[in-house]
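# Chains, contacts and geometry: an overview
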Amino acid sequence: MTRLIIGAMVRAIGAYPSGWRYPGAHRDPRGDAAVLRRTAEVAERARLDYLFFGDWLATGHDLEFRDPYLVARIDPLSAVTYLAGVTERIGLIATANTSYSDPFTLARATASVDLLSGGRAGLNLVTGAEPRAAGNHGRDFDAANETRYDRAVEFEHVLRRLWDSFEDDAIVADAAAGVFIDPSKLHATDFEGRHLSVTGPLNVARPVQGHLPIVHAGTSPRSRLFAAQNADLALVAVSDLEHAVQVREELRALAFESGRDDRTLKVIAPVLPIVGETRAHAQSIADELSELVQIAEDWPDGPPAAFPANRSLAQLSTLLGVDVSGLSPDRAVTPAIVAEFSAPGQELVEIVAERTGRGPAGERPPTLRHLVVAASVNASMIVGTAEDIATEFEAWGDAGAVDGFNVLSAIQPAQFDAFALGVVPELQRRGVFPTEYEGETLRDHLGLARPENVHVAPLVASSGTALA
């Protein structure tokens, strides 16, 4: 029986493109503070291990259609600092981009949050370079993109040296003797690399956890190597259980080859469950979400310029092997039409049936819109009852596919509540998730030991791999 790590990837207006349009959904970012607070309170009562806040350093009209939650959102460090004051036990993970962040400023802010929260902070390091983000930070996009992982390696190394500026007992605070600090236990960073130069020391005491748990997500070989060598949690998008087992084994092997204890690398998969009182109820929610997604054909004169190119009947035609571009998006997909589809097209019909309950031979067949949405909205979905979803989670854990899940909610607050108040108790009943917090810090929740101070231990990177 595997103890799963369960966290929530928080997107205040919902993680599904049409989630904000669903009846009763939160849809105004100006009211995010109340939603975040309520989410944190519900998550902590459910004993979730952490709340995870992603980031995107630009905005634009195109995001309204592709990822509406990115259009306007609260800064992740601000979010976790706010929630640290209204929670007591749950972990709080913020995202920062190493391509555009300053390591001293980030080390100071994150060490501060860890101290203020009693050791509950975590840090997701991303490396992505994007033209608008580069412009917002006065950086050349091509240069930032070309060197982003080289800079990230130096960034992670510097962060840990800065966090360790003070040894745990460096501050003496002996009022009688008039001695505040032992200067031999305050260490300069003294780092000079190809991309970063930092002198240090940091002007914040060592974090409660020593080092905040570091998270990294990505699918490229370089990204996976960075995660295997430097991260505590690797977030990996996978297509199915077999693929997940393969990816976890690859990451663990890379970690071992890098000289670290591969058991300290936790592999976490993002998942978007649709939870219903019955399976039919869950499928009806997924069905309505699909019908609320706009596709290119909804505009008689053509969609806005920023509209996603893959969300159209023209793109669907390529996948199906049949030209459906001139048809209505609400045209029923019948067995006669499906017979003409390519093998990938027929697989897509099966995915829609599993998610929405709509089959070509049924009373309510799927429409072309359903197929467009299933093909273009990238989400690892599980649709069913709390018991269905718990069974799937348990099976993945027992198969060694993942160490846990980052759970997204299509609709806020309804689907987050359905997961926290329905699925989590079922996982607890099965003994794969604890009913109480088993430690005080985020490292405790994740089963990670507190690291030694790098200025005292042999000078190696966090994974045991010497910095290149």
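Computed from a prediction, not measured in an experiment: that's the story for all the values here.

### A few points about the UniProt feature "domain: Luciferase-like" (unreviewed entry) in the protein
As annotated by UniProt and renumbered to match this structure, "domain: Luciferase-like" (unreviewed entry) occupies residues 31-401. Between the end C-alpha atoms of residues 31-401 the distance is 38 Å, and the span holds 43% helix and 13% strand.

### Concerning empty space enclosed by the protein
Under the criterion given, the structure shown has five cavities of 30 Å³ or more. Estimates place the volume of the largest cavity at around 130 Å³. Lining of the largest cavity is provided by 13 residues; of these, Arg-11, Ala-12, Asp-32, Arg-73 and Ile-74 occupy positions nearest its centre. Tallied by class, the residues present in the lining of the largest cavity amount to ten nonpolar, no polar and three charged. In terms of lining, the second largest cavity is formed by Pro-17, Ser-18, Trp-20, Arg-21, Glu-64, Phe-65, Pro-68, Leu-292, Val-293, Gln-294, Phe-307 and Arg-311.

### Some words on the environment of Leu-63
Here Leu-63 shows up in helix H2 (residues 62-66). A relative accessible area of 0% means that Leu-63 is categorised as buried. Expressed as a C-alpha distance, the spacing of Leu-63 and Val-113, which sit 50 residues apart in the sequence, is 30 Å. With near-sequence residues (within four places) excluded, Leu-63 lies in contact with Trp-56, Ala-58, Pro-68, Leu-70, Val-71 and Arg-132.

### Structural notes on the pattern of salt bridges
Summed over the entire model, instances satisfying the criterion amount to 30 salt bridges. Between Arg-3 and Asp-49 there is a salt bridge whose closest N-O contact spans 2.9 Å. One end of the pair, Arg-3, is in the segment before strand S1 (5-9); the other, Asp-49, is in the loop between helix H1 (32-45) and strand S2 (50-52), with 46 residues separating them in the sequence. A salt bridge links Arg-206 to Asp-168, with the shortest nitrogen-to-oxygen separation between them at 3.2 Å. Here Asp-168 lies in the loop between helix H7 (148-163) and strand S5 (171-174) and Arg-206 lies in the loop between strand S8 (197-198) and strand S9 (214-217), a separation of 38 residues in the sequence. For Arg-206, a relative accessible area of 7% corresponds to the buried category. Residue Asp-168 is classed as exposed on the basis of its relative accessible area, which comes to 52%. The structure contains a network of salt bridges with shared partners spanning Asp-164, Asp-168, Arg-206 and Arg-450.

Thresholds, definitions, all that
Residues numbered from 1 in each chain as written. Predicted model: local features only at pLDDT ≥ 70, side-chain atom pairs only at ≥ 80, totals over all residues. Heavy atoms only, no water. UniProt positions renumbered as here; feature names shortened; annotations may be inferred. Helix = DSSP H or I, 4+ residues; strand = E, 2+ residues; numbered from the N terminus. 1 Å grid on protein atoms, 1.4 Å probe; cavity = no way out; pocket = protein on both sides within 12 Å on 5 of 7 lines; lining within 4 Å. Points joined across faces, edges and corners; volume = space filled by probe spheres on them. Nonpolar A, V, L, I, M, F, W, Y, C, P; charged D, E, K, R; others polar. Buried < 20%, exposed > 50% of the residue type's maximum accessible area, 1.4 Å probe, protein only. Contact = heavy atoms within 4.5 Å. Salt bridge = Lys/Arg side-chain N within 4 Å of Asp/Glu carboxyl O.

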